[in-house]
Amino acid sequence: MFGLVDCNNFYVSCERVFQPRLEGRPVVVLSNNDGCIISRSQEAKALGLKMGDPYFQVKGLLRQHGVAVLSSNYTLYGDMSRRVMHYLGQTVPGVEVYSIDEAFLDLGGLEAHLGRHIGGSLTAFAGRIRADVKRRTGIPTCVGVAPTKTLAKLANRLAKQDAALGGVLHLDSDERRRWALGQVAVGDVWGVGRQYAQKLTAAGIDSAADLSRVSEAWARKQLGGVVGARLVRELQGYPCAGLGSSEDGSLRRQSLTCSRTFGRPLRERALVAGAVTSFVARAAEKLRRQGELAHVLTVFISQNRFAPGAEPGGHSRSAVLTLPVPTSDTRELAARAGQLLGRIWEEGAVYVKAGVVLAGLEPPGRGQQLGLFGGGPAAPAPVAAPVGPAPGAALMAVLDGLNERFGRGTVQLAAALGPAGSGPVPWQGQAAWRTPAYTTRLEDLLIVK
């Protein structure tokens with residue numbers, strides 16, 4: 001048996017914890033650079049505001065209805081997520097942190113224990129989890145409970161939509177499961193993307209209930225082989241997947257990306273190079289935290305796709321380099337990124353975004369590719385000797401330690417600092433309405449009198 005705990009309107013809810021005056025009022029949170037809406041309160045949803053609406057397009061509507069507009073504050077959201085997930089981890093046998101605001105729970109075998117020792121059911125237990133999360137963190141949640149992860153996701157969706165359910169839906173019988181499947185459109189089933197939704201609708205499959213009735217052979221042929229067959233089996237109540245790795249840092253990523261839209265358009269190569277260096281540093285920090293090295297580096301820069309005369313698909317350029325020796329050293333990656341930027345730089349062009357991608361990730365060890373003229377990622381040593389740390393690893397460890405202790409960006413490469421005396425770096429995104437880091441910065445702590 002699985003549970004799915006999903007925080008309601010998470011970014012907005014985090015802001016409301018520290019600003020109770022926002023309760024009952026329409027609120028939206030904007031993306032990096034205050035570009036588009038990424039979180040909405042229920043009151044904002046009722047106004048017809050959609051996820052991804054560009055701010056400049058809905059600015060008049062926001063003002064007309066007195067909607068509170070906030071810039072994203074990921075430091076706050078990350079810390080509030082950690083608090084929610086920590087409580088869940090202390091409450092159930094297993095947790096898979098699926099995203100910053102969602103977690104799957106392992107509830108297998110708990111029902112008998114609850115009935116014998118707590119005098120309740122999984123429905124009551126889920127309600128208690130929901131109440132405890134709210135009491136401990138101030139974050140409202142909904143909980144779906146079902147025999148499979150796909151059904152738990154579906155149950156959670158319905159618990160959010162129907163206030164009469166009290167935030168909890170337990171699909172504890174075939175009859176209840178069939179009812180729930182009939183309430184959800186096929187395009188809203190977890191794992192069914194837009195293209196498959198169109199394909200299924202064209203085939204006369206409109207609801208999750210319709211999909212659950214197709215044969216396994218049909219699902220294999222039409223929905224991507226074994227993945228489609230597993231999806232149908234899960235909808236039928238047969239679990240095909242257990243808890244997986246978590247998005248809380250323990251999940252091994254296949255690639256790492258860091259990209260941002262600039263706070264203002266840039267035409268100077270030195271400034272764009274500074275932005276790329278800054279993004280490389282952030283990606284390399286994540287790479288070292290994962291304990292791996294990168295073998296492939298990609299750099300891309302983008303112009304305004306909506307600018308007059310912009311060609312469709314021609315607004316972005318990228319360059320890829322396979323490194324001779326895999327590395328996680330910020331200095332090496334930054335130098336290589338600068339070379340790649342030179343390949344794709346177009347003099348006179350105006351750029352609004354840049355990013356880097358680290359791929360070909362691999363753990364350090366004996367199987368590492370060696371450099372032609374050096375010892376490769378390990379210090380020069382006889383073949384039979386144990387592989388040691390990469391050159392510069394100690395320096396990178398000190399760099400990460402200082403930034404972890406004193407705050408991200410305390411120690412940086414000089415190229416990422418921007419022109420001397422220029423104040424905030426020119427590529428830094430706009431955040432006109434960002435709230436304080438209430439839980440992670442001493443000077444931002446609320447003072448209760």
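Predicted, not measured: the structure shown is a model, and the values here were computed from it.

Novice: Hey, could you run me through the sheet that holds strand β3 (residues 37–40) in this one?
Specialist: Whenever strands of a sheet pair, they do so through backbone hydrogen bonds, lying parallel or antiparallel. Taken in spatial order, the 3 strands of this open sheet run β3-β2-β4, and their pairing is mixed. For this open sheet the edge positions go to β3 and β4 (68–71), each flanked by a neighbour on one side alone. Across this sheet, the average inter-strand angle for adjacent strands is 30 degrees, counted without regard to direction. Pairing of strand β2 (residues 27–30) with β4 involves 4 bridges; the strand directions are parallel. Among the inter-strand pairings, Val-27 is bridged to a residue of β4, identified as Ala-68.

Novice: Honestly, the packing of aromatic side chains in this entry has me stumped. Any pointers?
Specialist: Within a pair of aromatic rings, the relevant descriptors are the distance that separates the centres and the angle that separates the planes. Scanning the entire structure with this criterion turns up 10 aromatic pairs. Measuring from centroid to centroid gives 5.6 Å for Tyr-98 and Phe-104, while their planes differ by 70 degrees, and the two rings are edge-to-face. Here Phe-104 and Trp-190 contribute two aromatic rings whose centre-to-centre distance is 5.4 Å and whose plane-to-plane angle is 40 degrees, an arrangement assigned as tilted. Taken together, the positions of Phe-104 in strand β6 (residues 102–106) and Trp-190 in the loop between α8 (174–182) and α9 (194–202) put the pair 86 residues apart, joining distant regions of the chain. Of the residues examined, Phe-104 reaches a relative accessible area of 0% and is grouped as buried. Within the aromatic cluster, the residues linked to one another by ring pairs are Phe-10, Tyr-11, Tyr-74 and Tyr-77. Cation over ring: Lys-149 sits above Phe-104, and NZ or CZ is 4.8 Å from the ring centre. Directly above the ring of Tyr-238 sits Arg-233, whose terminal nitrogen or CZ lies 4.1 Å from the centroid.

Novice: What should I look at first to understand the packing of helix α13 (residues 269–290) against helix α14 (residues 330–344) in this one?
Specialist: Two quantities define a packed helix pair, namely the angle between the helix axes and the distance between the axes. At a minimum axis distance of 9 Å, the contact between α13 and α14 shows a crossing angle of 140 degrees. When the interaxial angle is binned, α13 and α14 end up oblique. Taken as a pair, α13 and α14 cross one another with a handedness that is right-handed. Where α13 approaches α14, its residues Arg-269, Val-272, Ala-273, Val-276, Thr-277, Val-280, Ala-281, Ala-284 and Arg-288 are matched on the opposing element by Thr-330, Leu-333, Ala-334, Ala-337, Gly-338, Leu-341 and Gly-342. In terms of residue class, the contact of α13 with α14 is built from 10 nonpolar, 4 polar and 2 charged.

Novice: How do you make sense of the sheet that holds strand β12 (residues 351–359) when you look at a structure like this?
Specialist: Here we have 4 strands laid out as an open sheet, ordered β9-β12-β10-β11, and antiparallel in their pairing. Strand pairing shows two members of the sheet lacking a second neighbour, β9 (256–266) and β11 (316–327), which therefore form its edges. Across the sheet, the mean angle from the axis of one strand to that of its neighbour is 15 degrees, orientation sign disregarded. Sheet analysis places β9 next to β12, joined by 7 bridges and oriented antiparallel. Counted as the bridge partner of Arg-260 is Ala-354 from β12. This element, α13, spans β9, β10 (294–303), β11 and β12 of the sheet and lies at about 155 degrees to β9.

Novice: Sorry if this is basic, but what is going on with unusual backbone geometry here?
Specialist: Negative phi values dominate among residues other than glycine, just as trans dominates among peptide bonds. Although it is not a glycine, Asn-9 sits at a positive phi angle of roughly 45 degrees. Relative to the assigned elements, Asn-9 resides in the loop between β1 (2–7) and α1 (10–18). Backbone geometry places Asp-34, a non-glycine residue, at a positive phi of 50 degrees. Among the structural elements, Asp-34 can be located in the loop between β2 and β3.

Novice: How should I be thinking about helix α3 (residues 55–64) in this particular structure?
Specialist: Because each turn of an α-helix spans 3.6 residues, side chains separated by three or four positions end up pointing in the same direction. The set of residues buried in α3 consists of Tyr-55, Val-58 and Leu-62. All buried residues of α3 lie within an arc of 85 degrees about the axis, which places them on one face of the element. Set apart from the buried face of α3 by more than 90 degrees, the exposed residues are Phe-56, Gln-57, Arg-63 and Gln-64. Phi for Gly-66, located one or two positions after α3, is positive at around 65 degrees.

Novice: I'm lost on the side chain of Asn-156 in this one. Help?
Specialist: If you trace the backbone, Asn-156 turns up in helix α7 (residues 149–161). Asn-156 sits in the buried class, given a relative accessible area of 3%.

Novice: How should I be thinking about the pattern of salt bridges in this particular structure?
Specialist: A side chain of one charge can pair with a side chain of the opposite charge if their charged atoms are brought near each other. A complete count under the given rule lists 18 salt bridges for this structure. Via salt bridges that share partners, Asp-79, Arg-82 and Arg-83 belong to a single interconnected network.

Novice: When you look at the packing of α7 against helix α12 (residues 226–235) in this model, what are you seeing that I'm missing?
Specialist: It is the contact of α7 with α12, at a shortest axis distance of 7 Å, that shows an interaxial angle of 60 degrees. Taken together, the axes of α7 and α12 are oblique relative to one another. Seen along the crossing, α7 lies across α12 with a hand that is right-handed. In this structure, α7 contributes Lys-149, Thr-150 and Leu-151 to the contact, and α12 contributes Leu-231, Glu-234 and Leu-235. Here the contact of α7 with α12 is composed, by residue class, of 3 nonpolar, 1 polar and 2 charged.

About the cut-offs
- Residues numbered from 1 in each chain as written.
- Predicted model: local features only at pLDDT ≥ 70, side-chain atom pairs only at ≥ 80, totals over all residues.
- Heavy atoms only, no water.
- Pairing = 2+ DSSP bridges.
- Helix = DSSP H or I, 4+ residues; strand = E, 2+ residues; numbered from the N terminus.
- Axes fitted to C-alpha atoms, helices over the stretch in contact; angles between N-to-C directions.
- Phe/Tyr/Trp six-rings, centres within 6.5 Å; stacked < 30°, edge-to-face > 60°.
- Buried < 20%, exposed > 50% of the residue type's maximum accessible area, 1.4 Å probe, protein only.
- Lys NZ or Arg CZ within 6 Å of the ring centre and 35° of its normal.
- Parallel < 35°, antiparallel > 145°, perpendicular 65-115°, else oblique.
- Left-handed = near helix turned anticlockwise from the far one by under 90°.
- Contact = heavy atoms within 4.5 Å.
- Nonpolar A, V, L, I, M, F, W, Y, C, P; charged D, E, K, R; others polar.
- Arc of directions from axis to C-beta.
- Salt bridge = Lys/Arg side-chain N within 4 Å of Asp/Glu carboxyl O.

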